[in-house]
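Residues per chain are reported as follows:
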Amino acid sequence: MRLGFEAMSPTSAFRTAIVPAAGLGTRFLPTTKAVPKELLPVVDTPGIEMVAAEAADAGASRLVIVTSPGKESVAEYFQPRPELEATLEQRGKTELLAKVRRATGLIEVETALQEQALGLGHAVGCAEPNLNGSDDAVAVLLPDDLVLPAGVLIKMSEVRAQRGGSVLCAFDIPKEQISAYGVFDVADTEDPDVKRVNGMVEKPPADQAPSTFAAAGRYLLDRAVFDALKRIEPGAGGELQLTDAIALLIAEGHPVHVVVHRGGRHDLGNPGGFLRAAVDFALDHPEYGPDLRSWLRNRVGGE
């Protein structure tokens, strides 16, 4: 399945996107002893490049990658490699050269350091010093989540322009599966795919869930969230939760909406989800797809 990027929005509600990438990648050990999971390739493109492209396509000009000590290579991936590029150019490897240069030309990349794993809210807060006075809102993209087709941030920008405040992404999940997610308590608007958020419940029993709309890994947050992050208390495990900061903003009258995304998603945060994403993208690849499709038919049919 291709990412399906739409044309970049000229009226984007944000220019800075934050990607929390400080985690240890424990579910991918021992590989992540040496290679950050954000650099593991989905066919031939790392997940971090995919989310960077999504942010840039939605109007971001700057990407702040929140890293931890030892994960410097995530940001280094976006730096030029003159010697490699010169070698490929000399050898006439034009397609490979374009791939190598692709990430470098996507977006301006800088880093923020999260020295301790103290939760998603803490990771987002670590990026505040990277912001400037023009950053009235920021996007947050979780690199474990591939939201397909890309473009939901453009719709989220439109909703913020119309309604103000913060805008989150949601999926409509079958009720029997809803207990695995953070679930929104919502009220309808005149747009069936835009809901006003009254609150959020983390992993409720299915019969107690306030809706079937579950949080996904895309956020468009008003700058006020950083003040809220300084005022919330640590939750379980001593972590600062981004959802707690959003809940505080809601309680104080800050408008929060969700855009219900009707596409699909892949979870790159665990090996099973990563493999599904790799197969999905590989099947659409003009070079690898036909052979893979034939091999899968034989492999599955032979069981």
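Everything that follows concerns the structure shown earlier in this document.
The paragraphs below set out a description of the structure included in this document. Computed from a predicted structure; not experimentally measured.

**Some thoughts on the overall build of the chain**
And then number 1: Within the chain, the regular secondary structure consists of ten helices and 13 strands.
And then number 2: Here the C-alpha atoms of the chain give a radius of gyration of 20 Å, agreeing with the 19 Å that 2.2 N^0.38 yields for 303 residues.
And then number 3: Its C-alpha atoms give the chain principal-axis dimensions of about 60 × 50 × 40 Å.
And then number 4: Taking all 303 residues of the chain together, the buried fraction comes to 49%.
And then number 5: Of all intrachain contacts in the chain linking residues separated by at least 6 positions in sequence, the fraction that spans at least 24 positions is 77%.
And then number 6: As displayed, the chain offers around 14,700 Å² of accessible surface, 52% of which is attributable to carbon and sulfur atoms.
And then number 7: Positive and negative charge centroids in the chain, built from 30 and 42 side chains respectively, lie 3 Å apart.

**Focus: the nonpolar core**
And then number 1: Phe14, Ala17, Ile48, Leu63, Ile65, Leu141 and Met156 are the most contacted members of the largest nonpolar core, which has 41 residues in total.
And then number 2: Listing elements by their share of this core, those giving two or more residues are strand 1 (16–20), helix 1 (47–57), strand 4 (62–67), helix 2 (72–76), strand 6 (137–141), helix 6 (152–163), strand 8 (166–172) and strand 11 (213–222).
And then number 3: Residues contacting Phe14, with those up to four places away along its chain left out, are Ala55, Ala58, Gly59, Ala60, Ala137, Val138, Ala139, Leu153, Ser157 and Leu220.
And then number 4: Counting residues in each nonpolar core, the second largest holds 35 residues, with Ile18, Tyr219, Leu229 and Leu240 among its members.

**Topic: the packing of aromatic side chains**
A ring pair, where both rings are aromatic, is described by two values, the distance of the centres and the angle of the planes.
And then number 1: What the rule picks out here adds up to two aromatic pairs.
And then number 2: Considering the side-chain rings of Phe28 and Phe274, the 5.8 Å spacing of their centres and the 75° angle between planes classify their relative orientation as edge-to-face. One end of the pair, Phe28, is in the loop between strand 1 and strand 2 (41–42); the other, Phe274, is in helix 9 (residues 271–284), with 246 residues separating them in the sequence. A single burial state applies to Phe28 and to Phe274, both of which are buried.
And then number 3: Both rings, one in Tyr77 and one in Phe78, keep their centres 5.4 Å apart while their planes meet at 90°; by these two values the pair is edge-to-face.
And then number 4: Overall, the relative accessible area of 28% leaves Tyr77 in the partly exposed class.
And then number 5: The ring of Phe171 carries Arg265 above its face, with NZ or CZ at 5.1 Å from the centroid.

**Some points on the pairing of strand 10 (residues 194–202)**
And then number 1: Note: strand 9 (residues 182–188) against strand 10, seven bridges, orientation antiparallel. Within strand 10, the residue paired with Val186 across the bridge is Val197.
And then number 2: The loop that links strand 9 with its antiparallel partner strand 10 comprises five residues.
And then number 3: Two strands pair when backbone bridges link them, and strand 10 and strand 12 (residues 256–260) are joined in this way by three bridges, in the antiparallel orientation. Within the sheet, the bridge partner assigned to Lys195 lies in strand 12 and is Val258.

**Re unusual backbone geometry**
And then number 1: Going from Leu29 to Pro30, the amide bond is cis rather than trans, its omega being 10°.
And then number 2: Counting through the fold element by element, Pro30 comes out in the loop between strand 1 and strand 2.
And then number 3: Notably, Val43 is not glycine yet its phi reads approximately 65°, a positive angle.

**Some remarks on the pattern of salt bridges**
And then number 1: What the rule picks out here adds up to 19 salt bridges.
And then number 2: Between Asp222 and Arg160 there is a salt bridge, and its shortest N-O distance comes to 3.0 Å. Placement of Asp222 in strand 11 and of Arg160 in helix 6 is noted, with a sequence separation of 62 residues between them.
And then number 3: We note a salt bridge from Glu190 to Arg163, for which the minimum N-O separation is 2.7 Å. With a gap of 27 residues between them, Glu190 in the loop between strand 9 and strand 10 and Arg163 in helix 6 connect regions that are remote in the sequence.

**Description of the packing of helix 3 (residues 82–90) against helix 4 (residues 94–102)**
And then number 1: Following both chains from N to C, one finds helix 3 and helix 4 inclined at 160°, their axes separated by 8 Å at the closest point. Relative to helix 4, helix 3 is oriented roughly antiparallel. Crossing of helix 3 over helix 4 shows left-handed handedness. Note on element contacts: helix 4 touches helix 3 through Leu96, Leu97, Val100 and Arg101, opposite Leu84, Glu85, Leu88 and Glu89.
And then number 2: Looking at side-chain class alone, the contact of helix 3 with helix 4 contains five nonpolar, no polar and three charged residues.

Cut-offs applied
Residues numbered from 1 in each chain as written. Predicted model: local features only at pLDDT ≥ 70, side-chain atom pairs only at ≥ 80, totals over all residues. Heavy atoms only, no water. Helix = DSSP H or I, 4+ residues; strand = E, 2+ residues; numbered from the N terminus. Rg over C-alpha atoms; globule rule 2.2 N^0.38 Å. Buried < 20%, exposed > 50% of the residue type's maximum accessible area, 1.4 Å probe, protein only. Contact = heavy atoms within 4.5 Å. Areas by Shrake-Rupley, 256 points an atom, 1.4 Å probe, with all protein chains shown as cover. Lys, Arg positive; Asp, Glu negative; His and termini not counted. Charge placed at Lys NZ, Arg CZ, Asp CG, Glu CD. Core = buried A, V, L, I, M, F, W, Y, C linked by side-chain atoms within 4.5 Å. Phe/Tyr/Trp six-rings, centres within 6.5 Å; stacked < 30°, edge-to-face > 60°. Lys NZ or Arg CZ within 6 Å of the ring centre and 35° of its normal. Pairing = 2+ DSSP bridges. Salt bridge = Lys/Arg side-chain N within 4 Å of Asp/Glu carboxyl O. Axes fitted to C-alpha atoms, helices over the stretch in contact; angles between N-to-C directions. Parallel < 35°, antiparallel > 145°, perpendicular 65-115°, else oblique. Left-handed = near helix turned anticlockwise from the far one by under 90°. Nonpolar A, V, L, I, M, F, W, Y, C, P; charged D, E, K, R; others polar.

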